[in-house]
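# Analysis of the macromolecular model
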Amino acid sequence: MSVLLIAEHNNKEVKSFTLNAITAASQIDQDLHVMLIGSKADNVAKSLSEVPLVKKVLHIDHEIYENYIAENYTTVILKHADKYSHIICSANTFGKNLMPRVAALLDISQVSDIIKVISPDTFLRPIYAGNAFATVKSKDEKKCVTIRPTSFEAAETTGGSAEIEKIDAADQTENTKFINREEIKSDRPELGTARIVISGGRGLQSGENFKLITDVADKLNAAIGASRAAVDAGYITNEHQVGQTGKVVVPDLYIAVGISGAIQHLAGMKESKVIVAINKDGEAPIFSVADYGLEADLFEALPQFLEELNKLNTIQK
Amino acid sequence: MKILVAVKRVIDYNVQIRVKGDGSGVVTDNVKMSTNPPDDNAIEEAVKIKESGKATEIIAVTVGEEKAQETVRKALAVGADRGIHVKVDGIIEPLAVSKILKKIVEKENPDLVFMGKQAIDDDCNQTGQMLAAHLNWPQATFASKIDVNDKSLQVTREVDEGLETIEVNTPAIVTCDLRLNEPRYASLPNIMKAKKKPIEQINASDLGVDTSPRIEHIKIEEPPKRKAGVKVASVEELVQKLKNEAKVI
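Since the model is a prediction, treat every value here as computed from it, not as a measurement.

Rules used in this analysis
Sequence order as written defines residue numbering, which begins from 1 separately in each chain. Just so you know, chain letters begin at A and ligand numbers begin at 1, following the order they were written in. Local features are withheld for residues below a pLDDT of 70 in this predicted model, meaning they are given only at 70 or higher, and side-chain atom pairs are given and counted only at 80 or more; totals for whole chains, interfaces and linings count all residues. Helix numbers and strand numbers start at the N terminus; a helix is a DSSP run of H or I with at least 4 residues, a strand a run of E with at least 2. With C-beta atoms placed from the backbone, a contact is any residue pair whose C-beta atoms sit within 7 Å. Within these notes, the globule rule equals 2.2 Å times the number of residues to the 0.38 power, and the radius of gyration is based on C-alpha atoms. A residue is called partly exposed when the number of other C-beta atoms within 10 Å of its own lies between 12 and 20, exposed at 12 or fewer, and buried at 20 or more, with C-beta atoms placed from the backbone. Segment limits for the domains were obtained from an automatic or database-derived domain assignment. Any residue that is not Ala, Val, Leu, Ile, Met, Phe, Trp, Tyr, Cys, Pro, Asp, Glu, Lys or Arg is counted as polar, Gly included; the first ten are nonpolar and the last four charged. Paired strands, in this sense, are two strands between which DSSP finds at least two bridges. The convention used is that axes are lines fitted to C-alpha atoms, helices contributing only their stretch in contact, and that angles between N-to-C directions extend from 0 to 180 degrees. By definition in this entry, angles of less than 35 degrees are roughly parallel, angles greater than 145 are roughly antiparallel, angles of 65 to 115 are roughly perpendicular, and the rest are oblique. Each crossing gets its hand from how the near helix is turned against the far one by less than a right angle, where anticlockwise is left-handed and clockwise is right-handed. Take the number of residues in a helix, subtract one, and multiply by 1.5 Å to get its expected span.

### What about the overall build of chain B?
Counting its secondary structure elements, chain B contains six helices and 13 strands. Relative to all contacts within chain B whose residues are 6 or more apart in sequence, the contacts with residues 24 or more apart total 69%.

### Quick look at the overall build of chain A
Helix and strand counts for chain A come out as eight helices and 16 strands. Expected size for 317 residues packed as a compact globule is a radius of gyration near 20 Å; at 21 Å, chain A falls within 12% of this value. Counting the 317 residues in chain A, one finds 58% classified as buried. Considering only contacts within chain A whose residues lie at least 6 apart along the sequence, 66% involve residues at least 24 apart.

### Structural notes on the domain arrangement of chain A
Residue and element names in this part refer to chain A. Here the domain parsing of chain A yields domain 1 (2–167) and domain 2 (196–311). Taking only C-alpha atoms, the centre of domain 1 and the centre of domain 2 are 31 Å apart. At the interface, five residues of domain 1 touch eight residues of domain 2. Classifying every residue of the side of domain 1 that touches domain 2 gives one nonpolar, three polar and one charged.

### As for the interface of chain B and chain A
It is common to give the size of an interface as the accessible area that goes away when the parts come together. With 63 residues of chain B at the interface, the matching set in chain A holds 71 residues. Looking at the side of chain B that touches chain A, the elements that each hand over two or more residues are helix 3 (94–108), helix 4 (127–135), strand 7 (139–148), strand 8 (152–159), strand 9 (162–169), strand 12 (215–221), strand 13 (230–232) and helix 6 (235–245) of chain B. Top contributing element to the side of chain B that touches chain A by residue count: strand 9 of chain B, with eight residues. Looking at side-chain class alone, the side of chain B that touches chain A contains 29 nonpolar, 14 polar and 20 charged residues. The pairing of strand 11 (residues 176–183) of chain A with strand 9 of chain B spans seven bridges and is classified as antiparallel. Considered in strand 9 of chain B, the bridge of Thr176 of chain A is made with Val168 of chain B.

### Describing the packing of helix 4 (residues 93–105) of chain A against helix 4 of chain B
Two packed helices can be described by the angle between their axes and the distance between those axes. One can describe the packing of helix 4 of chain A onto helix 4 of chain B by two numbers: an axis separation of 8 Å at closest approach and a directional angle of 45°. The orientation of helix 4 of chain A with respect to helix 4 of chain B, classified from their angle, is oblique. In this structure, helix 4 of chain A meets helix 4 of chain B at a crossing whose hand is right-handed. Counting all contacts with helix 4 of chain A, which are made through Asn97, Pro100, Arg101, Ala103, Ala104 and Leu105 of chain A, the residues of helix 4 of chain B involved are Gln129, Met130, Ala132, Ala133 and His134 of chain B.

### Some thoughts on the environment of Gly243 of chain A
All names here are of chain A. Among the structural elements, Gly243 can be located in the loop between helix 6 (228–232) and strand 14 (253–257). Among the residues examined, Gly243 registers 24 C-beta atoms within 10 Å and is labelled buried. When the C-alpha positions of Gly243 and Leu106 are compared, they lie 31 Å apart, and in sequence the two are 137 residues distant. Apart from the residues within four sequence positions on either side, Gly243 is in contact with Ser227, Arg228, Gln264, His265, Ala267 and Gly268.

### Quick word on the sheet that holds strand 8 (residues 132–138) of chain A
Pairing is antiparallel across the open sheet formed by four strands, whose spatial order is 6(A)-7(A)-8(A)-12(B). Looking along the sheet, the strands with just one partner apiece sit at the ends: strand 6 (116–119) of chain A together with strand 12 of chain B. Ignoring which end each strand starts from, the neighbouring axes of this sheet average 30° apart. Here six bridges tie strand 8 of chain A to strand 12 of chain B, and the two strands are oriented antiparallel to one another. The partner of Thr135 of chain A across the bridge, within strand 12 of chain B, is Lys219 of chain B.

### Quick look at helix 3 of chain B
Each turn of an α-helix holds 3.6 residues, which means side chains three or four residues apart point in the same direction. For helix 3 of chain B, spanning 15 residues, the distance from its first C-alpha to its last is 20 Å, which sits close to the expected 21 Å at 1.5 Å a residue. Among the 15 residues that make up helix 3 of chain B, eleven are buried, leaving the element largely enclosed by the rest of the structure. Where helix 3 of chain B is concerned, the buried positions are Pro94, Leu95, Ala96, Val97, Ser98, Lys99, Ile100, Leu101, Lys102, Ile104 and Val105 of chain B. Residues of helix 3 of chain B that are buried sit in contact with helix 4 of chain A together with strand 1 (2–7), strand 4 (57–64), strand 5 (82–87), strand 6 (112–116) and helix 4 of chain B. Immediately beyond the C-terminal end of helix 3 of chain B, within one or two residues, lies Asn109 of chain B, with a positive phi of roughly 50°.

Shown next, in the form of structure tokens:
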């Protein structure tokens, strides 16, 4: 049987985490079909068909799918579920919202947030904020699986030519209505995929002081992250939160500034390749995961850091 | 309006998790247990809605072993009116919990069901969405703001891109984010009063729900350890190391 991956997109382009999920799905079974549910999303269908790992694109296009509503997506997915051994999507807010609704109606115990495919029925997943890894085997005949995107490489996006099959829309729910989305547009790299992330915590003391972080981020072409404490305090908006209940990031370089390092924050960043911690409290737990720790007042260290970066002839971007 | 709030007993969020040597799980003996943090937000929100006059009754429900009752008792101390404890021993998966909660919803007919968006032990993030599916109710997940209208709710959801607002007709399921509100502490008099509030005990087996696990835990292990890092003395040294040793800038 084939595996079915549900694509996340904005009707114009595929969201990057779907490409990571494609890689994971193809490790479960190479006969990978991708379902695209959208409105006027022909371009997205075309770009998915060009992903070499994709064998077929199922494209459902109707104005009722202009905005993503889990109830409406679920009805479509259920109509096609019987042809597939696995239903898969990314474990971000898109997939976390959607997959359990699908799984429950198929009477499947979902396997959430896997970081490794061991075999088609056995997976590795973090539990307790990543403080333990569980090897789990699904005994359900059909499986619903969500993928931690940062644990898999993004799939190649060119060279393929999968068939695009048009599929009919399904019934629309009357009980859920999309009102609006406040999306903050930014020229910076996306937090989930950036090569460098610099994050600020409560130590920044105010939203204005985040400019110290922003200046360094501009210099390094880095994404900006934050601890929950900084978001709760209103220094920065929620989409920057890194941690157990926020985003998981695995950049080449993670710079934690004024972040003490609660286990909930570490859950979101401790797989980063190189970790730098700047904190004036030498006992802060963040130093236990840092490759390079600088015990210093961030209000002095960050401007100096920028100055030193400016002295370098070249900076990798 | 009647609100049902589901709460779960988990290892306290401040406890450093230790994995058992035999790979069978994590150490829970003599470890501090608490209510799953976003479930506290769910209770708080229900209490606030009741205080605003829009809800008449709050029922706290938990599914789990004998001691799980503590979480219901805590919910009663901060403002829930009565409790339900569905007793079941051993590992119970979100799918089974959602089926049990469906039975409770059918019995109690609430207008709203609140719970945390995710439990911090298994990190599954499934139960609310699954319950919504079983009941064919709308779901508003990861809520950071809830406005209650007559027959609907406007819910602001924390999503990857920022904030999204949806409107759902009641009855509905809402899963709560930590930023929804600031959970209150129970006062001593309220803790005493809560001891007199009723908690109904039901055996999961009496509800006719199959709770046997569908997922086999083959092994629980410690994640790979990071090798110890170094402290640097100055910003100059840090930049030199990042450039020449780690080669990341």
